[in-house]
Amino acid sequence: MEALIPVINKLQDVFNTVGADVIQLPQIAVVGNQSSGKSSVLESLVGRDLLPRGTGVVTRRPLILQLVHVEPGAARKNDDGGREGEHWGKFLHTKNQIYTDFEEIRQEIENETERLSGNNKGISDDPIHLKIFSPNVVNLTLVDLPGITKVPVGDQPVDIEVQIKDLILKHIANPNCIILAVTAANTDMATSEALKVAREVDPDGRRTLAVVTKLDLMDAGTDAMDVLMGRVIPVKLGLIGVVNRSQLDINNKKSVADAIRDEHAFLQKKYPSLANRNGTKYLARTLNRLLMHHIRDCLPNLKTRINVLAAQYQSLLSSYGEPVEDQSATLLQLITKFATEYCNTIEGTAKYIETAELCGGARICYIFHETFGRTLESVDSLGGLSTIDILTAIRNATGPRPSLFVPEVSFELLVKKQVKRLEEPSLRCVELVHEEMQRIIQHCSNYSTQELQRFPKLHEAIVEVVTSLLRKRLPVTNEMVHNLVAIELAYINTKHPDFADACGVMNNNIEEERRNRMRELPSAVPRDKAPAAGPQGEQDGTGNWRGMLKKGEDAPGSRPGSPLRGAVNLLDVPVPVARKLSSREQRDCEVIERLIKSYFLIVRKNIQDSVPKAVMHFLVNHVKDSLQSELVGQLYKSGLLNDLLTESEDMAQRRKEAADMLQALQKASQVIAEIRETHLW
């Protein structure tokens, strides 16, 4: 299982090259108050002085420190410069440069920190990656984070506390991260900011290990026995006490080895019962064990996550397409593919079928048979016609002579008026189909032909050509639909078979009604002497012809001073607003209404059948047949190739980033695949 930590180090190197945080790798993050001894703990684990030291804010960028255990003598094989030494370090940002002098490593950390964070007290969240090779270390990956501070100093921003806390939370919120909470022994554990921050992301303490530093600096008469025993604040991974070098020891160049020896002596003297479970060496072994077990637990999910991301980035890279080499072939291919997908969407054979709503040919079918059909059925055959309107039309058609029969002119006049009402829903049907043909363009661009997103100018040009073609066909189709209605209005075919049958049935019904009325007359009154309502009404001064005059209209001669003032004026007789129609008037109106209804249904049936056919022929099928030739004719020109096939500015960059990430994920998958099951136990 010792081989697991180098595997994670390899994965970290792989993903550091692409600068991505898509994979949350197992690691140990060091958290603590400013000057609580975090860097001193790390130096004790390394066994060498390599970190910047001083008062105030020293760590101002995250330092990802990878400790790699090597066998004694292995350094000479890795040191290309011929320098002898068993300890060396490498930075990610300096590529393959090897540092054997740890003073140079410290100086490089300071220089790299100042490069991004400024030479005062500012912080940055961009990490520094450092690898240390030594026979005196155990395999570990640690992240040294800036210390928690409260008051801004130097050129630090006012919200420095919030910035540092956000930076710390960004690292420790990773569920695969072990939190190393560092607290000084000469402060109260209950006020530890490190434990407080750790508890925010790890309330159960399952991945928190507490380190108590400065055991030798506690007040006289006090000790850390209760703290180290976990009686004050229990932490599930345990508490480990260490003794760091003082600033005086550092100034006097006291080595880390001597400090560890003195630490052991201090623990044996002060805490003899706990000496074997505290100290830097025990901390290193504990961290190594925790990290190995943590990696073992995280590895299955990590492997699954890498495989899923690899598939996603492979798909993403495919959607970006390959760089264009043959422009003519690429343009022709894209045009052909768009035209094919457009036609397939209409036919219902497209590769990407919409599931949320009707689209393409299915929606056109819905417009024809549901929207248009129901709209026509909702048009009332006698809508807008009252009985008085029909009676007026009949009388206007007779002229000055009273009629014996219902004039045909009145029927034609009224039925044309009703048929004309079918034109508006028919034109609306054309408009709806035209709108759907426009929507298909967007559908093909979004789902079917994603390559068009690479070339925004080509996409705009294709949309413009198809829109122009649809715009040209719209007036032609509207004209045809208008003509279909005009054809019906041009000749009222009263010999239509359906209409003739309806007339025959209607005449039979009228005759039957007439016989019934004759039977109901009193037997004492001869049938040829039956009273007529018309003449009696005229004698009463309420003749039917008066109903055609406007109420209150003054007749000439009725005004004061008229020479005919004393004469009898028939038009002075008041006309009732609502009057009862005579039986003949009722019969005439019923005849006309039945004829209109019968003929209107015939015409509506014709329109409902012919308008969809006209729209399909003049608009839909014409666009399908001529789309590709129109696109090729308008766009396939040598002078337009460079302009149309210009990629969007960030497409090349996104393709490179996706390719790099895919390569890193594939390499990471290979690294994990090298792990044998025996390594896990």
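Model, not experiment: these values are computed from the prediction. (Residues numbered from 1 in each chain as written. Predicted model: local features only at pLDDT ≥ 70, side-chain atom pairs only at ≥ 80, totals over all residues. Heavy atoms only, no water.)

A. Molecular detail of the overall build of the protein. Summing up its helical and strand segments, the protein has 21 helices and 9 strands in all. When burial is assessed residue by residue, the protein has 44% of its 681 residues classed as buried. If you take every contact in the protein between residues at least 6 apart in sequence, the share linking residues at least 24 apart comes to 81%. (Helix = DSSP H or I, 4+ residues; strand = E, 2+ residues; numbered from the N terminus. Buried < 20%, exposed > 50% of the residue type's maximum accessible area, 1.4 Å probe, protein only. Contact = heavy atoms within 4.5 Å.)

B. View of the pattern of salt bridges. Going through the model one piece at a time under the given rule, you end up with 17 salt bridges. For the salt bridge of E112 with R61, the shortest nitrogen-to-oxygen distance reads 3.5 Å. Of the two residues, E112 is situated in helix 4 (residues 102–117) and R61 in the loop between helix 2 (38–46) and strand 2 (63–69); the sequence distance between them amounts to 51 residues. The burial state of E112 is the same as that of R61; both residues are buried. A salt bridge links R61 to D126; its shortest N-O distance comes to 3.6 Å. Here R61, found in the loop between helix 2 and strand 2, pairs with D126, found in the loop between helix 4 and strand 5 (128–134); they are 65 residues apart in sequence, far enough to count as distant. Judged by relative accessible area, which is 34%, D126 ranks as partly exposed. One connected set of salt bridges, linked through shared partners, spans R61, E112 and D126. (Salt bridge = Lys/Arg side-chain N within 4 Å of Asp/Glu carboxyl O.)

C. Highlighting the sheet that holds strand 5. The strand order 4-3-5-2-6-1-7-8-9 describes an open sheet built from 9 strands, whose pairing is mixed. Sheet topology places strand 4 (98–99) and strand 9 (239–241) at the edges, where each strand pairs with a single neighbour. Note that strand 3 (residues 88–91) and strand 5 share 4 bridges and pair antiparallel. Paired with F91 across the strands is L130, a residue of strand 5. Along the sheet, helix 4 contacts strand 2, strand 3, strand 4 and strand 5; its crossing angle with strand 5, the most-contacted strand, is approximately 170 degrees. Contacts from helix 5 (residues 160–172) reach strand 1 (27–32), strand 6 (140–144) and strand 7 (177–184) within the one sheet, and its direction differs from that of strand 1 by about 155 degrees. (Pairing = 2+ DSSP bridges. Axes fitted to C-alpha atoms, helices over the stretch in contact; angles between N-to-C directions.)

D. Up close: the nonpolar core. In terms of nonpolar packing, the biggest core is built from 69 residues, with Y342, L458 and L631 touching the most fellow members. A total of 19 residues in this core trace back to one element, the largest contributor, which is helix 19 (residues 583–635). Of all hydrophobic cores here, the second largest spans 55 residues; its members include L130, L142, I295 and L309. (Core = buried A, V, L, I, M, F, W, Y, C linked by side-chain atoms within 4.5 Å.)

E. Geometry of the pairing of strand 6. Burial analysis of strand 6 places 5 of its 5 residues in the buried class, which makes it a mostly covered element. Where strand 2 lies against strand 6, 5 bridges are found, and the strand directions are antiparallel. Across the sheet, the residue bridging to L65 is L142, located in strand 6.

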